[in-house]
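# Examining the three-dimensional arrangement
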Amino acid sequence: LFLFPSFNEGLPNVIIEAMSCGLPVICSRLDGITDYLLDDNSLVEVGNTVDFSEKAFKILSDTEKNELQILKNMNFVINNLEQKKIDSLFLNLIKQLK
């Protein structure tokens, strides 16, 4: 289980790495970043430690839900975040900054 209670994040690389390694993820809802990667079952409002604990307990105690989230996360990374797409996005961003 990967818990990411960040209050602010520029790029969600660590979340993507956890997802691609087959870990269920629970993280803070960081507008424009985590909403794209995860559904409401994996997101917690920033600073809500009670919700973090409850969601972590649910995932750890429900093996079936845990496995479904892992598959969903891995499929998302494979289908939406392949390296060529990421490289292209970063290249376009760099070109815009010049």
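The structure reproduced in this document is the subject of the present report. Predicted, not measured: the structure shown is a model, and the values here were computed from it. (Residues numbered from 1 in each chain as written. Predicted model: local features only at pLDDT ≥ 70, side-chain atom pairs only at ≥ 80, totals over all residues. Heavy atoms only, no water.)

### Details of the overall build of the protein chain
As a reminder of what qualifies: Here a strand is any run of E in DSSP of at least two residues, a helix any run of H or I of at least four, and the numbering for each starts at the N terminus. Should any heavy atoms of two residues lie within 4.5 Å, those residues are considered in contact. The protein chains shown are the only cover counted for residues, whose accessible areas, like all others here, come from Shrake-Rupley with a 1.4 Å probe. The charge count treats Lys and Arg as positive and Asp and Glu as negative. His and the chain ends do not count. Working definition for charges: the position is that of NZ of Lys, CZ of Arg, CG of Asp or CD of Glu.
A count of helices and strands for the protein chain gives five helices and three strands. When the helices and strands of the protein chain are listed from N to C terminus, the series reads β-α-β-α-β-α-α-α. With the C-alpha coordinates of the protein chain rotated into their principal frame, the extents come out at 50 × 25 × 15 Å. Residue pairs in contact within the protein chain that sit at least 24 positions apart in sequence constitute 44% of those at least 6 positions apart. Total accessible area on the protein chain stands at roughly 6500 Å², and carbon and sulfur atoms take up 58% of it. Treating the 9 positive side-chain charges of the protein chain as one cloud and the 14 negative ones as another, the clouds have centres 8 Å apart.

### With respect to helix H3 (residues 49-61)
Where we set the bar: To estimate how far a helix should extend, the number of its residues minus one is multiplied by 1.5 Å. Only protein chains enter the accessibility calculation, which uses a 1.4 Å probe; a residue whose area is less than 20% of its type maximum is buried, one above 50% is exposed, and one in between is partly exposed. Think of it as the arc spanned by the lines of direction from the helix axis to the C-beta atoms.
If you check H3, its first and last C-alpha atoms are 18 Å apart, about what 13 residues at 1.5 Å a residue would give, namely 18 Å. Considered for burial, the residues of H3 that qualify are Phe52, Lys55, Ala56 and Ile59. In an axial view of H3, the angular spread of the buried residues amounts to 100 degrees, which keeps them on one side of the axis. For H3, the exposed residues set more than 90 degrees away from the buried face come down to Val50 and Phe57.

### Some details on the pairing of strand S2 (residues 25-28)
As a reminder of what qualifies: Two strands are counted as paired when DSSP detects at least two bridges linking them. By convention, a crossover is right-handed whenever its connection, traced from the first strand over the helix to the second and viewed with the strands pointing away, goes clockwise.
As paired elements, strand S1 (residues 2-4) and S2 share three bridges and run parallel to each other. Counterpart to Phe2 in the pairing with S2 is Val25. Assessed by its sense of winding, the connection that carries the chain from S1 through helix H1 (residues 13-20) to S2 is right-handed. Bridge analysis of S2 against strand S3 (residues 43-44) gives two bridges, and the strand direction is parallel. From the neighbouring strand, Ser28 faces S3, where its bridge partner is Val44.

By themselves, these observations are geometric and do not establish any function.
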